[in-house]
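# Structural description and commentary
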Amino acid sequence: DMTGMALQALSNYQDKADVKAATDKALSWLSSVQDKEGGFSSWGEANSESVVQVIVALTALEIPLDDSRFIKEGHSLLDNLLSFYQSGQGFLHVQSGGGNSLMSSEQGLYAMAAIKRANAGQTALYDMSDVQKQATAKPEPEPEQKPAVETKTVEFADLAGVSAEAKAAIETLAGRGIITGEQAGDKLNFRPT
C-alpha cells in the first residue's frame, strides 16, 4: 500500500533523475513481491487495497496495466482486483471472508475510475486538470419566500472550547434536525456523557 501511495505522490516528479531512479527501484520491488494471482499481501494475506494502490500508482505513472512486469501467471492487477468484487455488494478486503467493507469498496471504485481515466487518455486520478467545471445558475429567491428548510435554534451546553465555526455548523445541523444531542437534566449536550 505505502509503496503504491509513495509512487502516486512521486508521479509528477519523474523529470528528476533521483526521483526516477527511486521510482524504477520501487517498481522493480513491487513486481518482485507481486503474487501469482496478480495481487499483493500485507501482513501475510492478499487484500484488495494493496492492489488498488499499485493500480492507481501505475496509472499516475502512465504505465499500462498490461505491462509485462505486472502480469503473473497470466493474472493482471485488474484481474486480481476484480477477484475481490462481490456483485452488487462491493469489494472484499480479503478473500478469506469478513464480507465487503466500505473502505475496500471505496478504494476499489477509485481504482476503477483511475483505470477508466487512463484508458480514455485523461489525466491521472488525482490530477483531473482536464475536468471542466460546469457553472449552474441558481435563481435568486424572492425576498418574501421562506427558506426551503425550516431551522430552529438549538444550543448545546457542552461546546465550550469548540471553534465558533464548528459550533455554528453543529448547531445549524441540529436546528435542521440532521443531528441530535442528548438531554442531560435541563441541558442539551452534543457529546454523550
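Residues numbered from 1 in each chain as written. Predicted model: local features only at pLDDT ≥ 70, side-chain atom pairs only at ≥ 80, totals over all residues. Heavy atoms only, no water.

### Focus on the overall build of the protein
Each helix and strand in the protein was counted, giving 6 helices and 6 strands. Across the protein, helices and strands are ordered from the amino to the carboxyl terminus as α-α-β-β-α-α-β-β-α-α-β-β. The 193 residues of the protein split such that 33% are buried. For the protein, the share of sequence-separated contacts (at least 6 apart) that also reach a separation of at least 24 residues comes to 55%. Entry remark: accessible area of the protein is about 12,700 Å², with carbon and sulfur atoms responsible for 54%. (Helix = DSSP H or I, 4+ residues; strand = E, 2+ residues; numbered from the N terminus. Buried < 20%, exposed > 50% of the residue type's maximum accessible area, 1.4 Å probe, protein only. Contact = heavy atoms within 4.5 Å. Areas by Shrake-Rupley, 256 points an atom, 1.4 Å probe, with all protein chains shown as cover.)

### Examining the pattern of salt bridges
Enumeration according to the criterion identifies 3 salt bridges in this entry. Two residues, lysine 20 and aspartate 24, come together in a salt bridge whose shortest N-O distance is 2.9 Å. Taken as a pair, lysine 20 and aspartate 24 lie in helix α2 (residues 17-33) at a separation of 4 residues, close to a single helical turn. Take lysine 20: its relative accessible area is 36%, and that puts it in the partly exposed class. (Salt bridge = Lys/Arg side-chain N within 4 Å of Asp/Glu carboxyl O.)

### Thoughts on the packing of helix α1 (residues 2-10) against helix α3 (residues 48-60)
A pair of packed helices is captured by two measures, namely the crossing angle of their axes and the spacing between those axes. Between α1 and α3, whose axes approach to 8 Å, the crossing angle comes to 20 degrees. In terms of axis orientation, α1 runs roughly parallel to α3. The crossing of α1 and α3 is left-handed. Touching Gly4, Met5, Leu7 and Gln8 of α1 are Gln53, Val54, Val56 and Ala57, all from α3. Of the residues contributing to the contact of α1 with α3, the split by class is 5 nonpolar, 3 polar and no charged. (Axes fitted to C-alpha atoms, helices over the stretch in contact; angles between N-to-C directions. Parallel < 35°, antiparallel > 145°, perpendicular 65-115°, else oblique. Left-handed = near helix turned anticlockwise from the far one by under 90°. Nonpolar A, V, L, I, M, F, W, Y, C, P; charged D, E, K, R; others polar.)

### Quick notes on the packing of α3 against helix α5 (residues 102-119)
Running from N to C, α3 and α5 cross one another at 25 degrees; their axes reach a closest spacing of 9 Å. Viewed along their axes, α3 and α5 adopt a mutual orientation that is roughly parallel. Considering how the two elements wind past one another, α3 and α5 form a crossing that is left-handed. Judged by residue contacts, Ser48, Glu49, Val52, Gln53, Ile55, Val56 and Thr59 of α3 engage Met103, Ser104, Gln107, Gly108, Tyr110, Ala111, Ala114, Ile115 and Ala118 from α5. Taken together, the residues of the contact of α3 with α5 break down into 9 nonpolar, 6 polar and 1 charged.

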